[in-house]
Every structure is written in structure tokens, then in C-alpha cells.
Amino acid sequence: MPSDADTIDAPSSPTGQVNFPIHKAFLPESPPSSKEKDTTATNGKSLDRSPSSKDALPEPMVYQTMQQKIEKWSDGDDECFTVCDLGDVYRQHVRWKTHLPRVEPFYAVKCNDDPQVLKLLVSLGIGFDCASKFEMQPLLEQLQVHPSRIVFANPAKPVTHIQYAAKHHVSLMTFDNIDELYKIKESYPEAELILRIFTDNSKAYSNVSAKFGAHMESVDGLLMKARELELPVVGVSFHIGTGCMDASAFTDALSSARSVFDQAASMGHNMTILDLGGGFPGVGLEGQTTFENVANVLREQLDSLFPPHIRVIAEPGRFYVSTAFTTCTRIMAKRSTLTPQKQKHIMYYTLDGVFGLFGGVPAKNLSPVAKVMTRNGKLIQAQDMIALEHEPKYECSIWGPTCTPYDCITQTAKLPDLQVGDWLYWPHMGAYTYAIASHGFSGFTVPSITYVDTSYPF
């Protein structure tokens with residue numbers, strides 16, 4: 001985690017600290033009708049959360065905080081930093097409760113384990129999807145989360161981590177093979193098991209099923225073995241893949257889950273939990289469907305396939321945090337070259353790269369969008385956006401600070417001819433950024449975080 005984190009309050013905040021009120025009055029009691037006008041999405045595209053919305057500035061308080069930090073910048077300060085809007089995380093929670101009131105969110109800690117984010121989510125009463133004892137430890141030992149609010153959702157667990165779960169009574173855990181059943185029987189026979197099944201991930205950016213998930217032809221044998229070992233199987237889970245591009249992917253997965261429920265019940269397992277896994281759209285992956293589209297499919301299918309007494313949970317990560325973090329990076333060097341077609345190409349170098357917050361770029365074939373924060377040392381204001389759009393743009397590549405040629409954030413940027421010392425900002429930096437950063441390759445540390453809360457005056 002960042003070593004230099006400070007706090008800035010919303011101007012209307014009545015306290016001197018960022019706090020986490022539970023705004024129960026703003027949690028809707030019923031989902032919207034699919035025919036009602038949806039103010040958060042239209043024509044299949046999110047209104048304010050599109051990675052390609054060129055003209056939109058960040059939330060005013062977030063942008064103001066970015067400006068203040070740059071205005072006060074001196075040679076001894078960080079040349080990159082992040083602003084986290086905790087209010088954005090809260091609004092995503094309201095959005096979830098609005099559209100999927102039946103589904104309990106168990107936040108995927110692996111996505112972003114920022115302490116302030118976790119503290120807020122704990123205050124909202126949601127659950128947590130943990131993949132290791134290291135993710136469970138701060139929740140159980142520092143934030144006093146009840147073990148029933150944690151699912152150990154890793155089908156391949158170290159024995160010592162199973163033992164940690166047993167010691168702290170985290171009983172819900174996933175499996176997808178017989179060897180895992182033997183490990184659990186030896187270390188935590190009282191565990192309540194959720195069978196992770198294989199699902200088609202062809203409609204997603206990331207094929208999670210290449211690593212986990214029992215194929216349907218093996219389900220019968222796994223359920224029988226669990227019965228033989230006197231291990232209770234209480235539910236089914238799946239994962240439709242990161243960056244779902246078609247909400248119908250959930251339809252096939254739910255049909256398979258229903259079939260497994262019936263198989264398990266016929267063998268004497270008391271099936272009470274359906275875990276929808278992750279893959280819920282956040283922002284940052286072009287072509288993915290919207291959360292509202294997914295929610296519309298899920299509400300209809302859940303009600304038709306699973307009676308009300310079945311507890312339904314899910315493991316959203318990116319959905320909750322991707323838009324809450326905005327990173328600013330200062331251009332520390334530049335180099336102008338000519339392409340083979342004799343066109344100008346500018347190489348910009350910043351103090352963060354793929355060994356820092358942009359570590360997910362190579363793995364997921366992403367092209368993060370850089371936006372101009374200062375031009376010739378002058379901060380960009382809202383009234384400057386039109387003029388900026390009409391400036392000549394050049395093919396650019398943006399590179400991190402290390403000496404390796406793999407440290408390239410993007411090869412496809414189009415930016416004006418900026419100067420060394422100008423600042424760029426990167427929206428939607430909350431998911432799989434800090435969580436996977438190297439924290440020190442070549443001595444470069446991750447950007448510090450400043451927190452704001454735009455949930456006031458809610």
C-alpha cells in the first residue's frame with residue numbers, strides 16, 4: 001500500500017476526517033423495471049463512465065484536488081500521485097443495491113485492498129471475497145469483520161491458509177477438484193463448500209475458466225466424493241470472465257448452476273447458496289456490456305431458476321473501485337522521432353509504468369487513456385477543453401521510468417506536443433493497479449494517495 005497517504009475532506013463534511021456513514025435511506029427497496037428510464041445508461045453505453053468520454057472532466061472536487069496538488073508541487077514532491085474518491089465507491093454500492101437488491105455483494109479484495117476503501121465497505125455491511133489468508137487478515141484482525149461475511153473463494157488453497165480460515169471460523173470456501181477436498185477434510189472438516197464450475201468465458205476479455213472450474217461431466221464424482229468424506233457442499237459458484245461483453249453469458253452459467261443444484265440435492269447435500277462470481281462490468285475495457293444490462297438478465301433468470309430461500313451472493317471488484325481512482329503523472333522526459341512514413345512521433349516518459357500501477361496493461365492488452373492536465377505549465381480548466389480538442393495531435397507512446405523496453409504504458413496515444421514538466425492524468429485507475437504493482441522495481445515506488453469524499457451532502 002502507499003506509504004504517503006493524506007486525507008482531504010469534502011467542503012460540506014461536518015467533520016475533520018473522511019468518515020463512512022451508512023446511508024440506508026439511499027438504498028432502494030426494489031429494483032427498477034426494465035421498462036423504466038435508466039439514468040445511468042442509455043443505448044448500451046454508460047453515460048458518465050465511458051473510458052472514451054473525451055470532454056468530461058473528473059468530479060469537480062477530485063479535479064480541484066488534483067489541481068491543488070500540482071499548483072503546490074515543488075522539486076521535493078512526488079511526480080505522480082492518485083486521488084481516490086470514496087464517494088464514488090459509495091455511489092457504486094447504491095447502484096448495485098438499486099439494480100441487484102437480491103444479490104449480496106462480496107467485494108473481491110484482490111482487486112484493490114486499499115485500507116480506506118475496505119473500511120468504507122465494511123461500514124456498508126457488505127461481504128468480502130478473499131483469495132488468501134493475507135486478504136483475510138486485515139478484515140478479521142483489524143476491521144473486526146464477522147467470518148460469515150467472508151468467502152474463501154480460491155479453489156487452490158495452501159494448507160496453511162485453510163488452517164488460518166479454520167482458526168478464524170471462515171467456513172465458506174470454494175473447490176473444483178478431489179485433491180482440494182482431501183486437503184479441506186484434513187485441515188477444516190467443518191468447512192461449508194461451494195463447488196466452482198466451469199463456464200464459457202469466450203464472451204469476456206479474460207478466460208478465468210482456463211485456470212478454475214469443474215467441468216459438468218466431473219460434477220457428479222466431486223459431489224459423491226464430498227458426500228463420502230462427510231464434507232457439506234452448500235452451493236455453486238462460477239465466473240463468466242473479466243470484462244464480460246455479452247450479458248447473456250450469465251444465462252448459460254445460471255442454467256448449469258441450476259443443474260448442479262439438482263444433482264447435489266439428489267445426493268443429500270443441502271444447497272443454500274448461489275455465488276455468481278465476478279466479471280461485473282466496471283470501466284476501462286472497451287466493448288464490455290453495461291452493469292445495468294447484466295442486472296436485467298440476472299434479475300429475470302434468478303427469479304425463474306432459484307426460489308427466494310436461496311441466498312445469492314456475488315464477487316464484484318472492478319465494479320466497485322475502477323472509477324474511484326484517478327492518477328496524475330508528470331512528464332519527466334520526452335523524445336521526438338519520425339515514423340517510417342516520416343510522421344512525427346513523440347515518446348513521453350513518466351514516473352509510473354507497467355511495473356507500477358499499469359501492471360495490468362500487458363496481461364489484459366489494455367490501452368489506458370491519458371488526458372492532459374497541464375499545457376505548457378498551465379492547468380487545463382473546463383473552458384480550455386474546446387481549444388485543446390482543436391490543437392494538433394500527434395501519434396505518441398507513453399513509457400514508464402525503468403530501463404526495460406517492456407515498460408510501455410501505451411503505443412497508441414494521440415496528444416498535443418507537451419513539454420517536460422507538464423502533467424497527464426489517467427481516469428479509472430482503481431482496479432488491479434495498486435494491488436499488483438511491484439512496489440519498488442528500480443527503486444520506483446507507487447504513487448501516494450489523497451482521499452476525498454464526494455458523497456456529501458448525501
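Here the structure is a predicted model, which is why all the values come from computation and not from measurement. (Residues numbered from 1 in each chain as written. Predicted model: local features only at pLDDT ≥ 70, side-chain atom pairs only at ≥ 80, totals over all residues. Heavy atoms only, no water.)

## A short note on the UniProt feature "modified residue: N6-(pyridoxal phosphate)lysine" (unreviewed entry) in the protein
At step 1: Under the feature "modified residue: N6-(pyridoxal phosphate)lysine" (unreviewed entry), the UniProt entry names K110.
At step 2: By relative accessible area, K110 is classed as partly exposed at 31%.
At step 3: Contact partners of K110, with chain neighbours within four places excluded, come to D129, A131, E135, Y432 and A435. (UniProt positions renumbered as here; feature names shortened; annotations may be inferred. Buried < 20%, exposed > 50% of the residue type's maximum accessible area, 1.4 Å probe, protein only. Contact = heavy atoms within 4.5 Å.)

## Considerations on the confidence of the model for the protein
In regions of low pLDDT, the predicted coordinates are not meant to be interpreted in detail.
At step 1: When the pLDDT values of the protein are averaged, the result is 84; 81% of them are 70 or greater.
At step 2: Here residues 1–17 is modelled with pLDDT under 50, and outside its nearest four sequence neighbours on either side it reaches 38 contacts, counting other chains as well.
At step 3: Overall, residues 20–31 carries pLDDT values under 50, and its contacts beyond four positions in sequence, including any with other chains, amount to 26 contacts. (pLDDT = per-residue confidence, 0-100.)

## Examining the pattern of salt bridges
At step 1: One pass over the full model with this rule turns up 15 salt bridges.
At step 2: Salt-bridge contacts for D262 lead to R258; the nearest nitrogen and oxygen are separated by 2.7 Å. Within this pair, D262 and its partner R258 are both found in helix 8 (residues 249–266), separated by 4 residues, close to a single helical turn.
At step 3: A residue is classified by how much of its surface remains accessible, and D262, at 43% relative accessible area, is partly exposed.
At step 4: What emerges from the salt-bridge pattern is a single network uniting E59, D85 and R91. (Salt bridge = Lys/Arg side-chain N within 4 Å of Asp/Glu carboxyl O. Helix = DSSP H or I, 4+ residues; strand = E, 2+ residues; numbered from the N terminus.)

## Focus on the packing of aromatic side chains
How two aromatic rings sit relative to each other is given by the distance of their centres and the angle of their planes.
At step 1: Considering all chains together, one arrives at 16 aromatic pairs under this definition.
At step 2: Considering the side-chain rings of W96 and F319, the 5.5 Å spacing of their centres and the 65° angle between planes classify their relative orientation as edge-to-face. Of this pair, W96 sits in helix 2 (residues 86–99) while F319 sits in helix 10 (residues 318–321); the two residues are 223 residues apart in sequence, bridging distant segments of the chain.
At step 3: F319 gets classed as buried once you look at its relative accessible area, which sits at 0%.
At step 4: Relative to F280, the ring of F250 has its centre 5.4 Å away and its plane inclined at 35°; by these criteria the two rings are tilted. With F250 in helix 8 and F280 in the loop between strand 11 (273–275) and helix 9 (291–305), the pair connects residues that are 30 residues apart, well separated along the chain. Comparing F250 with F280 shows no difference in burial state: the two are buried.
At step 5: Positioned above the aromatic ring of W73 is the side chain of R330, whose terminal nitrogen or guanidinium carbon lies 3.9 Å from the ring centre.
At step 6: Between the NZ or CZ atom of K344 and the centre of the ring of Y394, over which it lies, the distance is 4.7 Å. (Phe/Tyr/Trp six-rings, centres within 6.5 Å; stacked < 30°, edge-to-face > 60°. Lys NZ or Arg CZ within 6 Å of the ring centre and 35° of its normal.)

## Notes on unusual backbone geometry
At step 1: In this structure, K342 is a non-glycine residue whose phi angle is positive, near 65°.
At step 2: Counting through the fold element by element, K342 comes out in the loop between strand 13 (325–338) and strand 14 (344–350).

## Re helix 6 (residues 178–187)
At step 1: For helix 6, the full list of buried residues reads E180, L181, I184 and S187. Along helix 6, the residues classed as buried sweep out an arc of 145° about the axis, all on the same side. Residues of helix 6 that are exposed and angled more than 90 degrees away from the buried face: D179 and E186.
At step 2: Against the buried residues of helix 6 lie helix 5 (159–167), strand 8 (172–175), strand 9 (192–196) and helix 7 (216–228).
At step 3: The backbone nitrogen of D179 lies 3.1 Å from a side-chain oxygen of the residue at the head of helix 6, namely N177. (Arc of directions from axis to C-beta. Polar contact = N/O pair within 3.5 Å; in protein donor to acceptor, adjacent residues only side chain to side chain.)

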